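These are the residues of each chain, in order.
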Amino acid sequence: MDIKNLIAQMTLEEKASLLSGGDFWHTKAVERLGIPAVMVSDGPHGLRKQDQEGDHLGINDSIKAVCFPAACATAASFDKDMIRTMGEAIGDSCQHEQLAVVLGPAVNIKRSPLCGRNFEYFSEDPYLAGQMAAAYINGVQSRNVGTSIKHFAANSQEHRRMSSSSDADERTLREIYFPAFETAVKQAQPWTVMCSYNRLNGVFASENPWLLTDVLRKEWGFEGYVMSDWGAVSDRVAGVAAGLDLEMPASGGHNDRKIVEAVRAGKLDEKLVGQACERILNISFRYLENAKPETPWDQEAQHALSAQIAAECMVLLKNDDQILPLNKTDAVAFIGEFADKPRFQGGGSSHINAFKITSALQAAQGLPITYAPGYSTDGDSASDEQIAQAVAIARQAKVAVVFAGLPDAYESEGYDRTHMRLPDSHNKLISAVAAANPNTVVVLHNGSPVEMPWIDQVKGVLEAYLGGQAVGQATVQVLYGDVNPSGHLAESFPRKLSDNPSSLYYGGEGNRTEYREGVFVGYRYYDKKEMDVLFPFGHGLSYTSFAFSNLRLSQGGMKDTEKQTVTVTVKNTGSRPGKAVAQLYVGAVGGDIIRPVRELKGFEKVALAPGEEKDVTFTLDRRSFAVWNSEIHDWYVAGGQYVIEVGDSSRHLPLRTEITVSGTVELPRHYDVNSIFLDIMNDPKAMKVLQPYMANAMGGLSAQDEAQSDAAQEAISAEMGLAMMKYMPLRGMLSFNGEKITPDTIDALIKAMNEE
Ligand code: BGC
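This one's a predicted model, so the numbers in the text were calculated from it and none came from an experiment.

Let us now look at the overall build of the protein chain. Regarding its fold elements, the protein chain presents 24 helices and 27 strands. The C-alpha atoms of the protein chain give 29 Å as radius of gyration, which agrees with the globular expectation for 756 residues (27 Å, within 12%). Projected onto its principal axes, the C-alpha positions of the protein chain cover 95 × 75 × 50 Å. Relative to all contacts within the protein chain whose residues are 6 or more apart in sequence, the contacts with residues 24 or more apart total 76%. Just so you have it, the protein chain exposes about 28100 Å², and 48% of that area is on carbon and sulfur atoms. The average position of the 71 basic charges and that of the 96 acidic charges among the side chains of the protein chain differ by 2 Å.

See the structure below:
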């Protein structure tokens, strides 16, 4: 399709009309020119295609579809191939349903356990979120269907989501809140990006030229179109100028008219309107020209795939005395209504009308299981009678498995949680059951961390997350060892909410939320604080054991323009086949920059038979060592020593080595009379200029000390002199040694140092 030619034939009104939706889920058509409307749909972990009345809150019905595990679960798989496969399946369903774009993945950073939408987001770690997002996008788009990575950017709370401003400094945005989007754009080129509801440092994301044009397009090279979140537009004309191409859903034509008026009044360049049309049509036709409505959508096959994926995502948090896996001949009590009616997805726009749901009770049919509901999910209550019944069956059983977690109302799009607790009824039930049977295991269905006041009373905890419609099947497979658990936490579980670094500021004051903890989000904070956590980022147990050995670097040192490969050997030292998640973290040794102790820079999932070993290779580059420098507005690697650690949790890193990295980017020098010796001494080039004057500068210092006794004088060794001198500004040379050094000498010195 010759899109430029089409646009050339359009009136201004037609062009403006294309820049908003025709209805809740469609772009507009221009019949005169044969431009059809295309349909978009939520997303992200399955289709929420609405036939009838549209809504963006998941209230009205949508077609029957397959609900895959939510992102909180899929991130825990640490398995890029698997999430790509899930993307392919979703892409196929889109083709079948004639959807041009699926609205996902959602990659916002889990700043706090309280965010109501954490279940839809991948991680507290930007690297992990970026890798998973890119794999998902590549999967969906391999089917010639678009994705809409969302919500761009810094949309880490639901509280006041349509008015609040996320106020964060440049470095925090670049290191924490942007990279998932950046990686996805660079590695997978999503067809569309959805801007968020919130303001970013005071400017709505939907009208932020720095965000939507400078960063997204000019820096990262985004080629598709930007759509608004549903109703995120405040000033449409400013939005067009900023790079917001499509307003969703529709604005009753009002905003289209405003665009026309602004062009006519000379306030908006018509070229920008044409450009937005071109971007939208490029994507619509990319789909239309590759549409394959004949693509089959085998929902049963996808249900099976969803079970397989859910099992890969489960995280075995605790397994004392190898209480798991269960023996298929043992009497086991399943307790808790979630065993019968699992909570497998979250509320809001991602809510899928699952065509079929498999509960753990159904999946365990034929096994010697007893069941008691223990609590009622509708009222979050547990009567004495319900608890007594649960305790009674727990006593009779070899092992009691309590299914607990967060009911729907506890976490959802649209609002945040106010605490990190399970319902009291669930906590009460777990404690009562654990008191009755020491062999108690808890299965959790939740989209975000919870406190576990009973953790020392139970032997096992399996985090099943919101694992999609087949979660019950996957849970039973993992409980009984048909699948060896291999999920690892994509988020830290703090012991209590107040341990979380954002808890001081989360939610903000009025419409302003300051991200004051900066880059210290999640484990970046807990590690720096050396704080005990309930379960650390990256943690996950297995029914087998793994050993990590033989860390090798491709070269002893590297320049920041080079690449480095790190190879380790992972061995299955147990007696069952299993999958290890090898995680690589990088940290700096010393240096002036305030930064996290370690940051995830690579991970690989490896399947190993008992006794088998495999090499795992990671590639590190500039970004693995860089921080964002707000002075040069770019990534910067400080030359020096870095630590590379490898293991299978952020707090279990048996392999460690150091590497010297030399930085090739020089920061601008602006020495002046107030620059201190320390900074100059740390800068070899400036130091070369200063060196000849050092003796004089030092001389000045010792002259000042002449009044002191000889012994004391001697004690001021050269080393101490240097230590005392390092905080002295250059102008101090005049104060202490004015006869030998003149202001002109200092000026000349400064000039030479700045020019070096
Ligand atoms: C959500 C988006 C969603 C859109 C359409 C909004 O309320 O924030 O994630 O894609 O609605 O349903």
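Here we take up the sheet that holds strand 15 (residues 440–445). The six strands lie next to each other as 10-16-15-14-11-13, forming an open sheet whose pairing is mixed. Either end of the sheet is taken by a strand with one partner, and the two such strands are strand 10 (315–319) and strand 13 (369–372). Pairwise comparison of adjacent strand axes, ignoring direction, gives a mean angle of 20° for this sheet. As judged from the four bridges shared by strand 11 (residues 332–335) and strand 14 (residues 399–405), these two strands associate in the parallel manner. Residue pairing for strand 14: A333 is matched across the bridge by A400. Docked against the sheet, helix 15 (residues 424–436) engages strand 11, strand 14 and strand 15, running at close to 170° with respect to strand 14. Contacts from helix 16 (residues 471–479) reach strand 11, strand 14, strand 15 and strand 16 (460–463), with the element oriented near 150° to strand 15.

With that settled, consider helix 15. When the terminal C-alpha atoms of helix 15 are compared, their 18 Å separation across 13 residues agrees well with the 18 Å that a helix rising 1.5 Å per residue should span. Taken together, the buried positions of helix 15 are S425, H426, N427, L429, I430, V433, A434 and A436. Next to the buried residues of helix 15 lie strand 11, helix 14 (384–396), strand 14 and strand 15.

So, about the site of the ligand. Taken together, 15 residues sit near the ligand, with D42, R117, K150, H151 and D229 positioned nearest. In this structure, D42 approaches the ligand through a side-chain N or O atom, which is 2.5 Å from an oxygen atom. Measuring from an oxygen atom of the ligand, one finds a side-chain N or O atom of R48 at 3.3 Å. Its free accessible area being 310 Å², the ligand has 100% of it covered by the protein chains. Among the residues making up the shell around the ligand, the classes are represented as five nonpolar, three polar and seven charged.

This part is about the sheet that holds strand 18 (residues 546–553). Taken in spatial order, the three strands line up as 18-20-23 in an open sheet, and their pairing is antiparallel. If you trace the sheet from one side to the other, it starts and ends with strand 18 and strand 23 (613–620), each paired once. The mean inter-strand angle of the sheet, taken between neighbouring strand axes irrespective of direction, is 25°. One ladder, built from six bridges, connects strand 18 with strand 20 (residues 564–572); its direction is antiparallel. Paired with S549 across the bridge in strand 20 is T569.

Tracing the backbone shows D245 in the loop between helix 9 (236–242) and helix 10 (254–264). The residues touching D245, leaving out its near neighbours within four places in the chain, are L19, R217, G224, Y225, V226, R236, A276, R279 and I280.

In this section: helix 6 (residues 170–177). The buried count for helix 6 comes to seven of eight residues, which makes it a mostly enclosed element. Here helix 6 has its buried residues at R171, T172, L173, R174, E175, I176 and Y177. By the N-cap criterion, in which a side-chain oxygen at the helix start approaches the backbone nitrogen of a residue two or three places on, helix 6 is capped by D169, the distance to R171 being 3.1 Å.

Once their charged atoms are close, side chains differing in charge can pair, the charge on each being opposite to the other. In this structure the tally under the stated criterion is 51 salt bridges. As a salt-bridge pair, R524 and E599 come within 2.9 Å of each other at their nearest N and O atoms. Here the residue R524 occupies a position in helix 17 (residues 523–528), and E599 occupies one in strand 22 (residues 599–608), the gap between them amounting to 75 residues. Accessibility expressed as a relative area gives 2% for R524, which makes it buried. We classify E599 as buried; its relative accessible area is 6%.

What follows covers the nonpolar core. Ranked by size, the top nonpolar core spans 188 residues in total, and within it F152, F334, I335, V401, M452 and L479 carry the most contacts. Excluding anything up to four places from it in sequence, L479 contacts L324, P325, L326, F334, V401, F403, V441, V443, L462 and Y543. Ranked by size, the runner-up nonpolar core spans 28 residues in total, among them V570, W628, Y636 and L655.

Look at helix 14 against helix 15: their axes get within 9 Å of each other, and the N-to-C directions meet at 35°. Both helix 14 and helix 15 take part in a crossing whose hand is right-handed. Together, D384, I387, A390, V391, A394 and R395 of helix 14 and K428, L429, A432, V433 and A436 of helix 15 make up the contact between the two elements. Residues that form the contact of helix 14 with helix 15 fall into these classes: eight nonpolar, no polar and three charged.

When you line up the elements, P373 lands in the loop between strand 13 and helix 14. By relative accessible area, which is 23% here, P373 ends up partly exposed. Taking the C-alpha atoms as reference points, P373 and N319, separated by 54 residues in sequence, lie 24 Å from one another. Aside from chain neighbours lying at most four places away, what touches P373 is G336, E337 and Q389.

Take the confidence of the model for the protein chain next. Here the protein chain averages 95 in pLDDT, while 97% of its residues score no lower than 70. Note that pLDDT drops below 50 for residues 702–707; the model gives that stretch five contacts with residues more than four away or on any other chain.

Thresholds, definitions, all that
Residues numbered from 1 in each chain as written. Predicted model: local features only at pLDDT ≥ 70, side-chain atom pairs only at ≥ 80, totals over all residues. Heavy atoms only, no water. Helix = DSSP H or I, 4+ residues; strand = E, 2+ residues; numbered from the N terminus. Rg over C-alpha atoms; globule rule 2.2 N^0.38 Å. Contact = heavy atoms within 4.5 Å. Areas by Shrake-Rupley, 256 points an atom, 1.4 Å probe, with all protein chains shown as cover. Lys, Arg positive; Asp, Glu negative; His and termini not counted. Charge placed at Lys NZ, Arg CZ, Asp CG, Glu CD. Pairing = 2+ DSSP bridges. Axes fitted to C-alpha atoms, helices over the stretch in contact; angles between N-to-C directions. Expected span 1.5 Å × (residues − 1). Buried < 20%, exposed > 50% of the residue type's maximum accessible area, 1.4 Å probe, protein only. Near = heavy atom within 4 Å. Polar contact = N/O pair within 3.5 Å; in protein donor to acceptor, adjacent residues only side chain to side chain. Nonpolar A, V, L, I, M, F, W, Y, C, P; charged D, E, K, R; others polar. Salt bridge = Lys/Arg side-chain N within 4 Å of Asp/Glu carboxyl O. Core = buried A, V, L, I, M, F, W, Y, C linked by side-chain atoms within 4.5 Å. Left-handed = near helix turned anticlockwise from the far one by under 90°. pLDDT = per-residue confidence, 0-100.

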